[in-house]
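Working through the structure, step by step
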Amino acid sequence: MDVFFSTVVRQSPIEKGGELVRVDWTTKKVIAKKPLVPIDPLITEDDDPNPRGNARGGRGILRYGDTLYVAIYHSLLLFDTSLDLKGKVTNNLFVGLHEVCHNNDTIWVASTAIDGVICIDPHGKFIDSWWARENSRIQKVFALEPLSINKNVDNRLLWLKVQPNKQPSHTHLNAVAVNKGQLHVLLNRFGVVYNTKTDNVVLEDTSIIGCHNLVFLGERMIVNDSLGKRVMVYSHAGKLIREIDLLAYPEVAAIHDEEAANFYEKRRLFVRGLSPINNDHILVGFSPATIVEIDLNSGRLLDLYRYSKDVAVCVHGLLAWT
């Protein structure tokens, strides 16, 4: 099995802000890696005043046939398995992309900076969109105001100097997943999974506010509790099945307890990156760039790989290619 993952390097120059990496999971040998830089349109340090991440590095990864779709700030870059670039698709509403998923012949993209989900075909043709802050039920439940945005212009660089987390109505919609043909979104700010088809809150768990990633696996729904250093497993109805505390594993606790290295030390074990291997095993990422394999049934830690010991280097997208 090969594992593909993207990284974000906090506080780095944008041109060194992250990579796409392919590693042989059995040998832990890096097979290939490529820098991920936002160009066309180019983003520079002057454009992006936020050193925490923002325009840096890679985000979600999607396998479509034999092609990898890898999100950067405003585009999806297309790679073959050797990490040779095959092309790029973008859209005027791709702003601060995070996770991606596909449903049959469509691709859904979380446009996190503007609280939207954009649907395209594999060639980049716009098909549909959904907007958290324009949904009447979400507006009512969470007292949100619609975002003032002109969707008919190129928005890709317009929000770089806006700090979404300081906007009272920002939901930080950062993950999308399709289950049984129905699109679900993860609203990071509220710890909420929302079914856009049934217009219903599937899960609301305030203990996971700040969460990332959403995966449906069999009858389970899995979310990373990024700040709580946990992997949360729920039923499709939102009932908690298992809570996996990463600090309960001695190998992970040792990484957490290492001597402070830099400004982003508080982000040690920031959990982000999630991919199924099969119906029972998952890969989970955290910083400093580390990936673990976990058995969902037993809760056992099966394997661990460290790409970097620098806590500023964070896993974002994660994909097991089996």
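This write-up is about the structure you can find in this document.

Rules used throughout
- Residues numbered from 1 in each chain as written.
- Predicted model: local features only at pLDDT ≥ 70, side-chain atom pairs only at ≥ 80, totals over all residues.
- Heavy atoms only, no water.
- Helix = DSSP H or I, 4+ residues; strand = E, 2+ residues; numbered from the N terminus.
- Rg over C-alpha atoms; globule rule 2.2 N^0.38 Å.
- Buried < 20%, exposed > 50% of the residue type's maximum accessible area, 1.4 Å probe, protein only.
- Contact = heavy atoms within 4.5 Å.
- Areas by Shrake-Rupley, 256 points an atom, 1.4 Å probe, with all protein chains shown as cover.
- Lys, Arg positive; Asp, Glu negative; His and termini not counted.
- Charge placed at Lys NZ, Arg CZ, Asp CG, Glu CD.
- 1 Å grid on protein atoms, 1.4 Å probe; cavity = no way out; pocket = protein on both sides within 12 Å on 5 of 7 lines; lining within 4 Å.
- Points joined across faces, edges and corners; volume = space filled by probe spheres on them.
- Salt bridge = Lys/Arg side-chain N within 4 Å of Asp/Glu carboxyl O.
- Nonpolar A, V, L, I, M, F, W, Y, C, P; charged D, E, K, R; others polar.
- Pairing = 2+ DSSP bridges.
- Axes fitted to C-alpha atoms, helices over the stretch in contact; angles between N-to-C directions.
- Core = buried A, V, L, I, M, F, W, Y, C linked by side-chain atoms within 4.5 Å.

Some words on the overall build of the protein
- A count of helices and strands for the protein gives two helices and 24 strands.
- Whereas a compact globule of 322 residues would reach a radius of gyration of roughly 20 Å, the protein reaches 18 Å, a difference of no more than 12%.
- The dimensions of the protein, computed from C-alpha atoms along their principal axes, are 50 × 40 × 40 Å.
- The buried share of the protein, reckoned over its 322 residues, is 59%.
- Partitioning the contacts of the protein with sequence separation of at least 6, the portion at a separation of at least 24 is 49%.
- A total accessible area of about 13300 Å² is found for the protein, and carbon and sulfur atoms account for 49% of it.
- Between the averaged position of the 36 positive side-chain charges in the protein and that of its 37 negative side-chain charges there is a distance of 2 Å.

As for the layout of surface pockets
- Put simply, the largest pocket is a space of about 870 Å³.
- As for the largest pocket, its lining consists of 32 residues, of which Asn50, Arg52, Pro164, Asn165 and His172 are closest to the centre.
- Approximately 630 Å³ is the volume found for the second largest pocket.
- Lining the second largest pocket are 27 residues, with Leu62, Val100, Cys101, Val215 and Pro276 sitting closest to its centre.

A look at the environment of Leu78
- Within the fold, Leu78 resides in strand 6 (residues 75-79).
- Classification of Leu78 as buried rests on a relative accessible area of 12%.
- The sequence separation of Leu78 and Leu68 amounts to 10 residues, and the corresponding C-alpha distance is 5.5 Å.

Here we look at the pattern of salt bridges
- What the rule picks out here adds up to 14 salt bridges.
- Glu45 is paired through a salt bridge with Arg56; the nearest N and O atoms lie 3.3 Å apart. In this pair, Glu45 sits in the loop between strand 3 (29-35) and strand 4 (61-64) while Arg56 sits in the loop between strand 3 and strand 4, placing the two residues 11 residues apart along the sequence.
- Under the relative-accessibility criterion, Arg56 is labelled buried at 2%.
- Asp154 is the salt-bridge partner of Arg156, the closest N and O atoms lying 2.8 Å from each other.
- The class for Arg156 is buried, based on a relative accessible area of 11%.
- Accessibility expressed as a relative area gives 34% for Asp154, which makes it partly exposed.
- Each member of the salt-bridge network shares a partner with another, and the members are Glu45, Asp48 and Arg56.

Quick look at empty space enclosed by the protein
- Under the counting rule described, the total for this entry stands at one cavity of 30 Å³ or more.
- Estimated volume of the largest cavity: approximately 40 Å³.
- What lines the largest cavity is simply Ile114, Asp115, Trp131, Ala132, Arg133, Glu134, Leu147 and Ile149.
- Here the residues of the lining of the largest cavity sort into five nonpolar, no polar and three charged.

Focus: the sheet that holds strand 7 (residues 85-90)
- Taking strand neighbours across the sheet as the criterion, the four strands line up as 4-5-6-7 in an open arrangement whose pairing is antiparallel. With partners counted over all chains shown, the strands left at the sheet margins are strand 4 and strand 7, one partner each. Strand-to-strand, the axes of this sheet are offset by a mean angle of 25 degrees, without reference to chain direction.

As for the sheet that holds strand 3
- Taking strand neighbours across the sheet as the criterion, the four strands line up as 3-2-1-24 in an open arrangement whose pairing is antiparallel. With one partner strand each, in any of the chains shown, strand 3 and strand 24 (313-321) form the two edges of the open sheet. The mean inter-strand angle of the sheet, taken between neighbouring strand axes irrespective of direction, is 20 degrees.

With respect to the environment of Leu301
- Secondary-structure assignment places Leu301 in strand 23 (residues 301-306).
- You can call Leu301 buried: its relative accessible area is 16%.
- Beyond its immediate chain neighbours, meaning those up to four positions away, Leu301 contacts Tyr249, Glu251, Val292, Glu293 and Ile294.

With respect to the nonpolar core
- Of all hydrophobic cores here, the largest spans 26 residues; its most connected members are Leu76 and Ile114.
- Secondary structure elements with two or more residues in this core: strand 5 (67-71), strand 6, strand 8 (97-103), strand 9 (106-111) and strand 10 (116-120).
- Apart from residues no more than four positions distant in its own chain, Ile114 is found in contact with Leu93, Val95, Trp131, Leu147, Ile149 and Trp159.

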